[in-house]
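# Coordinate analysis (summary)
One letter stands for each residue in the lines below.
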Amino acid sequence: MSIAAQSISELISRDLDRLSVEVAAYSKEENLWITEGEITNSAGNLTLHLCGNLQHFIGAVLGKTGYERNRDFEFAGKNISRDELLIAITETKKVVQETLHRLTESVLYYPFPQRLFNNKEMSTLFFLIHLQGHLNYHLGQINYHRRILDK
C-alpha cells in the first residue's frame, strides 16, 4: 500500500470509528431520526449517506465490490436500528481498508474513474482527500445534532 493510501485509510477509519461512537452515544435511539427546523438531515440519514458514499466511491468504483448505491434511501430511510447503523459503519470501514490497501501509488495519480463536480477530471488522490473531508464535515454535524438533542 502506498503511504498516501495508508494515510487516507487511517484517517477515514479513524473517523468511521468516531461515527460509531457518536451513533452509540445518543441517549435515545429514536433521537437518531429527529429533524427540526432548518436541520433537515437526521443523524441516522447522515450515517446512511456516509456509508453509502464511501461504499460507492471507494468500494464499488475503486474496489469493484459490486455495491449498488441507493442515494435516495440514504436521505429517505427512517428508523433503522442503531445496531444496523453500527453494522453498516463496520462494513464500510472494512471495505475502505481492503480497497485502499490494494491501491498502488500510481493509481492515486490517475484520474478518478468518474467525473464529478460539473464533470471535472481529478486525480484519485484528490477525490479520496475530498471523501475524507466530506466524512469529517458530516461527522461534525452529527456531533452537534447529538449534543443538542441529548442536553
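As a starting point, this report considers the structure included with it.

What counts, and where the lines are drawn
Residues numbered from 1 in each chain as written. Predicted model: local features only at pLDDT ≥ 70, side-chain atom pairs only at ≥ 80, totals over all residues. Heavy atoms only, no water. Helix = DSSP H or I, 4+ residues; strand = E, 2+ residues; numbered from the N terminus. Rg over C-alpha atoms; globule rule 2.2 N^0.38 Å. Buried < 20%, exposed > 50% of the residue type's maximum accessible area, 1.4 Å probe, protein only. Contact = heavy atoms within 4.5 Å. Areas by Shrake-Rupley, 256 points an atom, 1.4 Å probe, with all protein chains shown as cover. Lys, Arg positive; Asp, Glu negative; His and termini not counted. Charge placed at Lys NZ, Arg CZ, Asp CG, Glu CD. Axes fitted to C-alpha atoms, helices over the stretch in contact; angles between N-to-C directions. Parallel < 35°, antiparallel > 145°, perpendicular 65-115°, else oblique. Patch = residues over 30% accessible without salt bridge, like charges linked within 9 Å, V, L, I, M, F, W, Y side chains within 5 Å. Salt bridge = Lys/Arg side-chain N within 4 Å of Asp/Glu carboxyl O. Left-handed = near helix turned anticlockwise from the far one by under 90°. Nonpolar A, V, L, I, M, F, W, Y, C, P; charged D, E, K, R; others polar.

Once that is clear, we can look at the overall build of the protein chain. Within the protein chain one finds six helices and zero strands. Ordering the α and β elements of the protein chain from the N terminus gives α-α-α-α-α-α. In terms of overall size, the protein chain behaves like a compact globule, its C-alpha atoms giving a radius of gyration of 16 Å where 151 residues would be expected to give roughly 15 Å. With the principal axes as the frame, the protein chain shows a C-alpha extent of 50 × 30 × 25 Å. Across the 151 residues of the protein chain, 45% fall into the buried class. Intrachain contacts of the protein chain at a sequence separation of at least 6 include 74% that bridge at least 24 residues. Only carbon and sulfur atoms are counted for the fraction: they give 52% of the accessible area of the protein chain, which is about 8,200 Å². Separation between the mean location of the 16 positive side-chain charges and that of the 18 negative ones in the protein chain comes to 4 Å.

Our focus in this paragraph is the packing of helix α1 (residues 3-25) against helix α4 (residues 82-102). Closest axis-to-axis distance for the α1/α4 pair is 10 Å, and the angle between their directions is 175°. Relative to α4, the element α1 lies roughly antiparallel. For the pair formed by α1 and α4, the contact residues are A5, I8, S9, I12, S13, L16, D17, L19, S20, V23, A24 and A25 on the first element and R82, L85, L86, I89, T92, K93, V96, Q97 and L100 on the second.

Position of L48 relative to the elements: it lies in helix α2 (residues 43-62). Since its relative accessible area comes to 14%, L48 is described here as buried. Here L48 is in contact with W33, F73, E74, I80 and L85, once residues within four sequence places are set aside.

On the surface, I39, Y144 and I148 cluster together into a nonpolar patch covering about 310 Å² of accessible area. Relative to the helices and strands, Y144 resides in helix α6 (residues 124-149). Under the relative-accessibility criterion, Y144 is labelled exposed at 54%.

Here we take up unusual backbone geometry. Although it is not a glycine, N118 sits at a positive phi angle of roughly 65°. Examined against the element boundaries, N118 turns out to sit in the loop between α5 (105-109) and α6. Residue classification places N118 among the exposed residues on the basis of a relative accessible area of 83%. Positive phi values are uncommon outside glycine, yet N119 reaches one of about 65°. Counting through the fold element by element, N119 comes out in the loop between α5 and α6.

Before going further, it helps to examine the packing of α1 against α6. For the pair α1 and α6, interaxial distance at closest approach is 10 Å and the crossing angle is 15°. Judged on the interaxial angle alone, α6 and α1 are roughly parallel. Here the hand of the crossing between α1 and α6 comes out left-handed. Residues A4, I8, L11, I12, R14, D15, L16, R18, L19, E22 and A25 of α1 form the contact with α6, whose participating residues are L125, L128, I129, Q132, L135, N136, L139, I142, N143 and R146. Looking at the contact of α1 with α6 residue by residue, the class counts come to 13 nonpolar, three polar and five charged.

That's the geometry; what it means functionally is another story.
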